[in-house]
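Survey of secondary and tertiary structure
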Amino acid sequence: MLNIWGVILYLRLPWITAQAGIVLTWIIILLSVLVTSITGLSISAISTNGKVKSGGTYFLISRSLGPELGGSIGLIFAFANAVGVAMHTVGFAETVRDLLQESGTPIVDPTNDIRIIGVVTVTVLLAISLAGMEQEPCYFANSRDRAWGMMGDECMDEGVRGLRRGLHLRQGPPDPLALNPQAQVLFFLVIMVSFANYLVGTLIPPSDDKASKGFFSYRGDIFVQNLMPDWRGMDGSFFGMFSIFFPSATGILAGANISGDLKDPAVAIPKGTLMAIFWTTVSYLAISATIGSCVVRDASGVLNDTVAPGSDACEGLACGYGWNFTECAQQHSCRFGLINYYQTMSMVSGFAPLITAGIFGATLSSALACLVSAAKVFQTVLSLPWVPEAELNTIAPIISNFFLCSYALINFSCFHASITNSPGWRPSFRYYSKWAALFGAVISVVIMFLLTWWAALIAIGVILFLLLYVIYKKPEVNWGSSVQAGSYNLALSYSVGLSEVDDHIKNYR
């Protein structure tokens, strides 16, 4: 759940609700969940077919479809995670920038402040992850015993002693929080407290300051008005909003990435993945519905914009509550309201600093999780060029396409392994369907082109280029992939079929 919750939840979900309306926002959420749920089932099947070692998505696909597709999609997924680091970092920097502006202490200007804070944050995260590598503990792969604080020669000595007992020593898990449940619990509690703080805030009668910014607590007419869409700006479309929201539904591979450290992966991965998808979906639906029932789309934030209820010179729902936002709404110059103010959740909450703490916890933990999913320096080099973009609405659609590409191949891997009847395909997780996996692969590709067709073409072009390159290089590996199983079954079927063909001198060999 920590890997799924992120910056989009706090900073863009209210804005998406204002743009698309509550009804279409729920459809966007449920469509995203459909893709991730099918992929979750496929992940559960693949990861319980054998032990998943380090490599995450690359390991899953390369061992199923072979090194050709595994290598190409591994690079695509690494790029998606690198841009994910930039996205979460920009969200963190955007929040810090807003705090600096509210206190009257900006660094330079709004855009450059995000760039400066973002670059510094990525550098600090890289230092943290590299420092973590130096302090990674030794532990036994088939034992829950850890040899804490041992590094280098100490790990080697402990490994020799472990091998004598039939144990295999490893150093450092793929997830930096895998061996630190206290950190996971802390981040989780911070986010849950921020959620509770937000829900309590929606029940508190609005102060004049909050009312001037468009918050009026639960109102039936506000809910009805916010049911329907009000598209604005270049991103104002259904798939434009979907492309910005979809990164908040990713992060479902966290369980598969640490399957080697789980006591019973066959139970833990399906249960953890599907329960995480369910509860995060509930939180998205609840926040969209509640904030759409409390806040009007446009508000000036000016305390003097009051009016007597029923005035003929006032337009909009706020007029009935004694506020006149007509001028800024007509001129599209409102600074506050659900569609104009990204920090609406902080404004609505009972105590804004708790929402800020939730944003920090969600963004930094997600950014760090993305950073350590592959080579740290490689991820940082890829993420740094995206930080100066300083705009979440530009970065999020890029991530959506590359994650959808990864999910399409994961689902196809599950389908192909099932349809070829490979003898090595015996997942202990049975609640999956090969046809559902195929549907998940197809719908992922279709959505890729509906979101950003040029990014979809680039992703597919990169995969094809890397596929041809790896085929040309012919790596000397044999992982018993489903492609090999399909070739064997095809050859066997033709061989059996030849027994029913009468011999003829023209065909004699």
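The notes below deal with the structure included here. This is a predicted model, so every value here is computed, not measured. (Residues numbered from 1 in each chain as written. Predicted model: local features only at pLDDT ≥ 70, side-chain atom pairs only at ≥ 80, totals over all residues. Heavy atoms only, no water.)

**Digging into the overall build of the protein chain**
Looking only at helices and strands, one finds 20 helices and three strands in the protein chain. Considering the protein chain as a whole, with its 509 residues, one finds that 50% of them fall into the buried category. For the protein chain, restricting intrachain contacts to residue pairs at least 6 apart in sequence, the fraction spanning at least 24 positions comes to 80%. (Helix = DSSP H or I, 4+ residues; strand = E, 2+ residues; numbered from the N terminus. Buried < 20%, exposed > 50% of the residue type's maximum accessible area, 1.4 Å probe, protein only. Contact = heavy atoms within 4.5 Å.)

**Regarding empty space enclosed by the protein**
Following the criterion strictly, the structure yields one cavity of 30 Å³ or more and no others. In this structure, the largest cavity occupies an estimated 50 Å³ of space. In terms of lining, the largest cavity is formed by Ile4, Val33, Thr36, Ser248, Ala249, Ile252, Ile277, Thr280, Thr281 and Tyr284. Elements with a contribution of two residues or more to the lining of the largest cavity: helix H2 (13-47) and helix H12 (265-291). Counting residues per element, the lining of the largest cavity draws most heavily on H12, which supplies four residues. For the lining of the largest cavity, the per-class residue count stands at six nonpolar, four polar and no charged. (1 Å grid on protein atoms, 1.4 Å probe; cavity = no way out; pocket = protein on both sides within 12 Å on 5 of 7 lines; lining within 4 Å. Points joined across faces, edges and corners; volume = space filled by probe spheres on them. Nonpolar A, V, L, I, M, F, W, Y, C, P; charged D, E, K, R; others polar.)

**Overview of the state of the cysteines**
In this structure the tally under the stated criterion is two disulfides. In this model Cys314 forms its disulfide with Cys319; the gap between the sulfur atoms is 1.8 Å. Here the disulfide of Cys314 and Cys319 is left-handed, its torsion about the S-S bond being about -85°. As far as burial versus exposure is concerned, Cys314 and Cys319 are alike and both buried. Covalent S-S linkage joins Cys328 and Cys334, the inter-sulfur distance amounting to 1.9 Å. Torsion about the S-S bond of the Cys328 and Cys334 cystine: about 80°, corresponding to right-handed handedness. Exposure class is identical for Cys328 and Cys334. Each is buried. (Disulfide = S-S within 2.5 Å.)

**Digging into the pattern of salt bridges**
This model, assessed by the stated rule, comprises six salt bridges. In this structure, the salt-bridge partner of Lys213 is Asp209, at a minimum N-O distance of 3.6 Å. Several salt bridges share partner residues, and in doing so they unite Arg12, Glu94 and Glu391 into one network. (Salt bridge = Lys/Arg side-chain N within 4 Å of Asp/Glu carboxyl O.)

**Considering the environment of Val23**
Within the fold, Val23 resides in helix H2. Along the chain, Val23 and Ala289 lie 266 residues apart, while their C-alpha atoms are 8.9 Å from each other. Dropping the residues within four chain positions of it, Val23 is found in contact with Leu227 and Met228.

**Structural notes on helix H18 (residues 434-451)**
Here H18 is 18 residues long and its end C-alpha atoms lie 26 Å apart, about the 26 Å a rise of 1.5 Å per residue gives. At its buried positions, H18 is contacted by H2, helix H10 (238-245), helix H17 (392-419) and helix H19 (453-473). Capping the start of H18 is the job of one residue whose side-chain oxygen sits 3.2 Å from the backbone nitrogen of Trp435: Ser433. (Expected span 1.5 Å × (residues − 1). Polar contact = N/O pair within 3.5 Å; in protein donor to acceptor, adjacent residues only side chain to side chain.)

**Observations regarding the side chain of Asp113**
The residue Asp113 is located in helix H5 (residues 110-134) in this model. For the buried Asp113, no salt bridge exists, and the shortest N-O distance to an oppositely charged side chain is 6.5 Å, to Arg97. A distance of 2.6 Å separates a polar side-chain atom of Asp113 from the backbone nitrogen of Val108. (Lys, Arg positive; Asp, Glu negative; His and termini not counted.)

**Notes on the nonpolar core**
Counting 100 residues, the largest nonpolar core has Leu9, Tyr10, Met87, Phe216, Phe245, Tyr284 and Ile447 as the members making the most contacts within it. The biggest single contributor to this core is H17, with 15 residues. Leave out the neighbours within four places in its chain, and Tyr284 touches Ile4, Trp5, Leu9, Leu13, Ile29, Phe245 and Ser248. Formed by five residues, the second largest nonpolar core is a distinct cluster that contains Val85, Ala86, Val122 and Cys370. (Core = buried A, V, L, I, M, F, W, Y, C linked by side-chain atoms within 4.5 Å.)

**Describing the packing of aromatic side chains**
Per the stated rule, a full pass over the model turns up 17 aromatic pairs. Consider the rings of Phe216 and Tyr321, whose centres lie 4.9 Å apart with planes at 35°: the pair is tilted. Separated by 105 residues along the polypeptide, Phe216 in the loop between helix H8 (208-212) and helix H9 (220-225) and Tyr321 in the loop between H12 and helix H13 (326-331) bring together distant segments of the chain. Looking at Phe216, the relative accessible area reads 3%, which means it is buried. Residues Phe238 and Phe239 carry aromatic rings whose centres are separated by 5.1 Å and whose planes lie at 90° to one another, so their mutual orientation is edge-to-face. Owing to a relative accessible area of 28%, Phe239 belongs among the partly exposed residues under this scheme. Every member of this aromatic cluster is reached through a ring pair, and the members are Trp5, Tyr10, Phe188 and Phe195. (Phe/Tyr/Trp six-rings, centres within 6.5 Å; stacked < 30°, edge-to-face > 60°.)

**Here's the deal with a nonpolar patch on the surface**
A cluster of nonpolar side chains, Ile107, Val108, Ile116, Val120, Val124 and Ile128, forms an exposed patch at the surface whose accessible area comes to about 500 Å². Tracing the sequence through the fold places Ile116 in helix H5. Taking the relative accessible area as the measure of exposure, Ile116 reaches 35% and is therefore partly exposed. (Patch = residues over 30% accessible without salt bridge, like charges linked within 9 Å, V, L, I, M, F, W, Y side chains within 5 Å. Areas by Shrake-Rupley, 256 points an atom, 1.4 Å probe, with all protein chains shown as cover.)

Function-wise, these values are silent; they only describe arrangement.
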